[in-house]
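# An overview of the molecular structure
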Amino acid sequence: MISPQRPVQDALRERFREVRPVGLGLDSDLVRARMVERLRQQGVRDEQVLAAMLKIPRHAFVDSALANQAYEDTALPIGLGQTISKPSVVARMIELMCGGRAAPLSRVLEIGTGCGYQAAVLAQLARQVISVERLKPLHDRARELLAPLRLHNVRLVYGDGRLGHGPNAPYDGIIAAAGGDELPAAWLDQLAVGGRLVAPVVRGGGQVLVLVERTERGLVHTEHEAVHFVPLKSGTT
Ligand code: SAH
C-alpha cells in the first residue's frame, strides 16, 4: 500500500542531514560552534544553555533560502509576519530563566512556538516543555520541523498563550516570545514557587525584558535590557 505521508516524513528527516548553510563552504556543526563562541563572547555564561544551542540545528527551522543566514545573530522571517528570534536573545532569555540552576528544570511553558526552534533548545534543559502557539499554520509547521529531532519531552499546544496552559501548571520556567502591554495574570498564577518567568513587556515606545521570580514571600519583578519582539496577540487563528 502506498503511504503518502512516508515521502514527506523521509524528506523532513533528510532535511536535517542535507541542508547546509551555503556560501561559507563549512559544515553546519562548525558554523554553529562559531555562533556559540560568539554567544560566549557576548556574555552568555551558562554552559548548559551554550551546549543546548550547540546541539540544535537552527538552519533546519528556517526556509532553505535563508539557511545561509541561520547562524548569524539575526531574527529571520518564518511566515505569517512572525520571526525566529535571534540566537543571542534566545540564549539570554533562557539563561535568565534558568537563573544559574544546576539541576534541570522540571516543567517549562513557552508562549509563541513559532517555528519551534526555542522549544527544541528548551527541551535540552527541561524535563518537559509545553509550547503554545495561536497561529495554526505555525503550530502545524513546528510539529513537522520538530519531528525529526524526536524530542519526546516537547508538547505543542494550539491556543491563546495569554491564558498560559493550566493543565500542566505550575511551571518552574515560563518564557514568552511575544510582548504585550502587561504580563497576563494566568502566567503569574501558573508560576511555581521558586519559578522564574521571562517575557518582553511594552515600556514607553519599546519593550524591555522582564524577569519575575516567585519566592515564598511573593513575586519579585526586575527589568532588564530593551528588546524587540512581535506583539502578543489574543485569540487564535
Ligand atoms: N520561539 C519562537 C519565536 C516565534 S515569534 C522561535 O523559536 O522561533 C513569536 C510567536 O508568538 C509567533 O509565532 C506568534 O504567532 C506567537 N504569539 C503571539 N501571541 C501569542 C499568543 N497569545 N499565544 C500564543 N502564541 C502567540
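Residues numbered from 1 in each chain as written. Predicted model: local features only at pLDDT ≥ 70, side-chain atom pairs only at ≥ 80, totals over all residues. Heavy atoms only, no water.

Looking at an unreviewed UniProt entry, one finds the protein named Protein-L-isoaspartate O-methyltransferase, with Caldimonas aquatica as its source organism. The protein has a UniProt comment under Subcellular location (unreviewed entry) that states "Cytoplasm". Under the UniProt heading Catalytic activity (unreviewed entry), the note attached to the protein is "[protein]-L-isoaspartate + S-adenosyl-L-methionine = [protein]-L-isoaspartate alpha-methyl ester + S-adenosyl-L-homocysteine". (UniProt positions renumbered as here; feature names shortened; annotations may be inferred.)

### Considering the sheet that holds strand S5 (residues 154-158)
With respect to topology, seven strands assemble into an open sheet ordered S5-S4-S3-S6-S8-S9-S10, the strand pairing being mixed. Each of the sheet's edge strands pairs with one partner strand only, and the pair in question is S5 and strand S10 (218-227). Each strand of the sheet is rotated relative to its neighbour by a mean of 15°, with strand direction disregarded. Contacts from helix H4 (residues 87-98) reach strand S3 (105-111), strand S6 (171-176), strand S8 (191-203), strand S9 (206-215) and S10, with the element oriented near 145° to S8. Sheet strands in contact with helix H6 (residues 136-146) are strand S4 (126-133) and S5, and its direction is about 165° off that of S5. (Pairing = 2+ DSSP bridges. Helix = DSSP H or I, 4+ residues; strand = E, 2+ residues; numbered from the N terminus. Axes fitted to C-alpha atoms, helices over the stretch in contact; angles between N-to-C directions. Contact = heavy atoms within 4.5 Å.)

### A short note on unusual backbone geometry
Going from Ala 169 to Pro 170, the amide bond is cis rather than trans, its omega being 5°. Considering the arrangement of structural elements, one finds Pro 170 in the loop between S5 and S6. Here the phi dihedral of Arg 150 falls at roughly 50°; this positive angle occurs in a residue that is not glycine. With respect to the helices and strands, the residue Arg 150 is situated in the loop between H6 and S5. Residue class for Arg 150 comes out exposed when judged on its relative accessible area of 52%. (Buried < 20%, exposed > 50% of the residue type's maximum accessible area, 1.4 Å probe, protein only.)

### Description of empty space enclosed by the protein
Applying the stated rule across the entire model yields one cavity of 30 Å³ or more. Within this model, the largest cavity holds a volume of roughly 50 Å³. If you go around the largest cavity, the residues you meet are Asp 46, Gln 48, Cys 98, Arg 101, Ala 102, Ala 103, Pro 104, Leu 105 and Leu 125. In terms of residue class, the lining of the largest cavity is built from six nonpolar, one polar and two charged. (1 Å grid on protein atoms, 1.4 Å probe; cavity = no way out; pocket = protein on both sides within 12 Å on 5 of 7 lines; lining within 4 Å. Points joined across faces, edges and corners; volume = space filled by probe spheres on them. Nonpolar A, V, L, I, M, F, W, Y, C, P; charged D, E, K, R; others polar.)

### Focus on helix H3 (residues 47-55)
Among the residues of H3, those classed as buried are Val 49, Leu 50, Ala 52 and Met 53. End-on, the buried residues of H3 take up no more than an arc of 160°, which puts them together on one face. Summarising the contacts, the buried residues of H3 are in contact with helix H2 (28-41), H4 and helix H5 (117-123). If you check the start of H3, you find a side-chain oxygen 2.9 Å away from the backbone N of Gln 48, and it comes from Asp 46. (Arc of directions from axis to C-beta. Polar contact = N/O pair within 3.5 Å; in protein donor to acceptor, adjacent residues only side chain to side chain.)

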